[in-house]
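Structure assessment
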Amino acid sequence: MERAFGQAFRRVTGIAFAPYQSAVIRIGFAATWLFFLLREWPNRHELYGPHGPWSGDMARRLLDGNEAFSILTWTDSRGWFELVYGLAVVASALLLVGWRTRTMSVLFMVGVLSLQNRSIFIGDGGDNVLHLMAIYLVLTRCGQVWSLDARRAAKHVWPSDGPPERDTIGVVLWAGLGLCLAVAQVLGLSGLSWFGPGPFPSVGWGLTFWILWLSHGAWWAARRYAPGEPRLVLDMITKLIHNGALLVIVVEVCLIYATAGWYKIQGTRWQDGTAVYYPMHLDYFSPWPELSRVLADNGLMVMLITYGTVIVQVAFPFTLFNRRLKNVLLVAMICEHLSIAFLLGLPFFSLAMITADAVFLPTVFLVWLGARGTSVRDRVLPRRTAVRERTRAAVRERTRTAVRE
């Protein structure tokens, strides 16, 4: 037992699992939130602004009761709202491309929580998934592949026991965000308590942000000035946190499907096979009325879709240890969400769920997909041979490690 425990501990602290899956999650959720913010740009004042139907005073009273976090409630100034909305768009775009991933994941989380908690009645179900995943992404190393950070690391290779290159931009960004956090703390703005409401019991958002800020600084200092054991210990801790966060994401997705499936079983419309018929006759959920009417008028198709949805959602968590069956059901669920996006007009809900499903995608498929994307990019945007070969060598090494694990 001691030997088995030691091997398991070395495994979970020796490598950050699922680098490609975590990259897909990062790209998918950042894209989902970015596309939503851009689509609603003309309507942003009515949805989240200080002059919308859900006023700032109503939002503050609600947040006092549910202890949620939002920096939009600090003031009802229109300029402050425009700044927060713009920063949310920028953070989403930078997280999408993987620039300063650790910092952008925190700013992305702040943007998601601030806007969604400001007007909680806006959303279609996918916002709940995005809300949770934005918090989990902060704890993952989601920029290992398919990111500008990975590309920069591949270009500048240094010895494992030596200091990395000087990172002036990172230091300035870290210092600037620390100054902003200190000013907000001194001003006593709401939601930044030390031991009050927060993401963990008795750990407020203020303390959480300071821990994240200090952790980023400690990681940079250890990599540059403390080679050897300090760097090794911090690296093991970050890998352990990453692997634990991925496990939480896996469990979260399984719980979503399991609870959805078991609740459907209890519904009479799902039991008699007619549940899918009714939303197809609602004008709000019929972007293609003629197509919805054709499908809804086919009783056999309605019954198959209704029962198939329940079977897939209930069975999926039990198929995780059978790769082939899991992959079949995974394809079925992705097709189900695509049909929801197309037939019911819920693209952001579907994109959020497909992104959450991506944590179960096979690494071999993602590696193949990345190789195809790289070949297309090299044809469209040719780069210098030396840089391309060095980058490819680093990617191949990470690929071999990922596939081996």
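Residues numbered from 1 in each chain as written. Predicted model: local features only at pLDDT ≥ 70, side-chain atom pairs only at ≥ 80, totals over all residues. Heavy atoms only, no water.

**Focus on unusual backbone geometry**
Put simply, the rule reads: In this text, helices come from DSSP runs of H or I with a minimum length of four residues, and strands from runs of E with a minimum of two, each type numbered from the N-terminal end. To sort residues, take the accessible area from a 1.4 Å probe on protein chains only and compare it with the maximum for the residue type: under 20% means buried, over 50% means exposed, and anything in between is partly exposed.
Positive phi is not limited to glycine here, since Ala-18 has a value of about 50 degrees. Mapping Ala-18 onto the fold places it in the loop between helix 1 (2–14) and helix 2 (19–39). Residue Ala-18 is classed as partly exposed on the basis of its relative accessible area of 23%. In this model, Glu-67 sits at a positive phi of 60 degrees, which is unusual for a non-glycine residue.

**Side note on helix 9 (residues 168–186)**
Stated formally: To estimate the expected span of a helix, count its residues, drop one, and scale the result by 1.5 Å. Arc definition: directions from the helix axis to the C-beta atoms.
Here helix 9 spans 27 Å end to end across 19 residues, near enough to the 27 Å set by a 1.5 Å rise per residue. Restricting attention to buried positions, one finds in helix 9 the residues Gly-170, Gly-178, Leu-181, Ala-184 and Gln-185. Along the axis of helix 9, the buried residues cluster in a sector spanning 125 degrees; they form a single face. Opposite the buried face of helix 9, by more than 90 degrees, sit the exposed residues Thr-168, Val-172, Leu-179, Cys-180 and Val-186.

**Quick notes on the packing of aromatic side chains**
The line we're drawing: Two aromatic rings, drawn from Phe, Tyr or Trp (for Trp, its six-membered ring), form a pair once their centres lie within 6.5 Å of each other, and the interplanar angle then sorts them: stacked below 30 degrees, edge-to-face above 60, tilted otherwise. Whether a charge lies above a ring is judged from NZ of Lys or CZ of Arg, which has to be within 6 Å of the ring centre and within 35 degrees of the ring normal.
In this structure the tally under the stated criterion is 19 aromatic pairs. Consider the rings of Trp-54 and Phe-121, whose centres lie 5.0 Å apart with planes at 75 degrees: the pair is edge-to-face. Residue Trp-54 is located in the loop between helix 3 (44–47) and helix 4 (56–66), and its partner Phe-121 is located in the loop between helix 6 (101–118) and helix 7 (126–138); the two are separated by 67 residues in the primary sequence. Grouping aromatic residues by their ring pairs yields a cluster made of Trp-33, Phe-36 and Phe-348. The side chain of Arg-44 reaches across the aromatic face of Trp-41, ending 4.0 Å from its centre. Seen from the ring of Trp-99, Arg-100 lies directly overhead, with NZ or CZ sitting 5.5 Å from the centre.

**Regarding the environment of Glu-229**
Along the chain, Glu-229 falls in helix 11 (residues 229–265). Taking the C-alpha atoms as reference points, Glu-229 and Asn-128, 101 residues apart in sequence, are found 40 Å from one another.

**What about the packing of helix 2 against helix 17 (residues 363–380)?**
Using the following cut-off: Under this scheme, a helix contributes an axis fitted over its contacting stretch, all axes are lines through C-alpha atoms, and angles between N-to-C directions fall in the 0 to 180 degree range. Note on convention: the crossing is left-handed when the near helix lies turned anticlockwise from the far helix by less than a right angle, right-handed when the turn is clockwise. By the convention used here, residues are in contact when the closest approach between their heavy atoms is within 4.5 Å. Polar here means any residue outside two lists: the nonpolar Ala, Val, Leu, Ile, Met, Phe, Trp, Tyr, Cys and Pro, and the charged Asp, Glu, Lys and Arg; Gly therefore counts as polar.
Between helix 2 and helix 17, the least distance of the axes is 9 Å, while the angle of their chain directions is 65 degrees. Every pair of crossing elements has a handedness; the one defined by helix 2 and helix 17 is left-handed. Contacts between helix 2 and helix 17 involve Tyr-20, Gln-21 and Val-24 from the first element and Thr-363, Leu-366 and Val-367 from the second. Looking at the contact of helix 2 with helix 17 residue by residue, the class counts come to four nonpolar, two polar and no charged.

**Some thoughts on the side chain of Glu-40**
Topologically, Glu-40 is positioned in the loop between helix 2 and helix 3. A relative accessible area of 10% means that Glu-40 is categorised as buried. When neighbours within four sequence positions are excluded, Glu-40 is seen to be in contact with Leu-47 and Tyr-85.

**What about helix 17?**
Taking 1.5 Å of rise per residue, 18 residues should cover 26 Å, and helix 17 covers 26 Å from first to last C-alpha, within 8% of that figure. Buried within helix 17 are the following residues: Thr-363, Leu-366, Val-367, Gly-370 and Asp-378. With its buried residues spanning 105 degrees around the axis, helix 17 presents them on a single face. Relative to its buried face, helix 17 has exposed residues pointing more than 90 degrees away, namely Val-364, Arg-379 and Val-380.

**A look at the packing of helix 1 against helix 11**
This is how the line gets drawn: Should an angle fall under 35 degrees it is called roughly parallel, over 145 degrees roughly antiparallel, and 65 to 115 degrees roughly perpendicular, with every other angle called oblique.
For the pair helix 1 and helix 11, the least separation of the axes is 7 Å and the interaxial angle reads 90 degrees. In terms of orientation, helix 1 and helix 11 fall into the roughly perpendicular class. Together, Phe-9, Val-12, Thr-13 and Gly-14 of helix 1 and Met-236, Lys-239, Leu-240 and Asn-243 of helix 11 make up the contact between the two elements. Across the contact of helix 1 with helix 11, the residue classes break down as four nonpolar, three polar and one charged.

**Some points on the nonpolar core**
One recurring pattern in soluble globular proteins: nonpolar side chains tend to sit buried together. Under the convention used in this document: Buried Ala, Val, Leu, Ile, Met, Phe, Trp, Tyr and Cys residues that are joined via side-chain atoms within 4.5 Å together make up what is termed a nonpolar core.
In terms of nonpolar packing, the biggest core is built from 68 residues, with Trp-33 and Phe-209 touching the most fellow members. No other element matches the 10 residues that helix 2 contributes to this core. Setting aside residues no more than four positions away along its own chain, Phe-209 makes contact with Phe-69, Val-106, Met-109, Val-110, Leu-181 and Leu-192. With five residues, the next largest nonpolar core counts Val-276, Met-280, Ala-296 and Val-302 among its residues.

**A closer look at a nonpolar patch on the surface**
Spelled out, the test is: Without a salt bridge and with relative accessible area above 30%, a residue can belong to a patch; like charges are then joined within 9 Å and nonpolar side chains (Val, Leu, Ile, Met, Phe, Trp, Tyr) within 5 Å. The Shrake-Rupley method, run with a 1.4 Å probe sphere, supplies the accessible areas, and residue values consider only the shown protein chains as cover. Just to be clear on terms, a salt bridge is a Lys or Arg side-chain nitrogen sitting within 4 Å of an Asp or Glu carboxyl oxygen.
A cluster of nonpolar side chains, Leu-300, Met-303, Leu-304, Tyr-307 and Ile-311, forms an exposed patch at the surface whose accessible area comes to about 480 Å². Mapped onto the fold, Ile-311 is located in helix 14 (residues 299–315). Its relative accessible area of 56% is what places Ile-311 among the exposed residues.

**A word on the environment of Arg-293**
Structurally, Arg-293 can be placed in helix 13 (residues 289–296). The class for Arg-293 is partly exposed, based on a relative accessible area of 39%. Residues Arg-293 and His-281, 12 residues apart in the sequence, show an inter-C-alpha distance of 7.2 Å.

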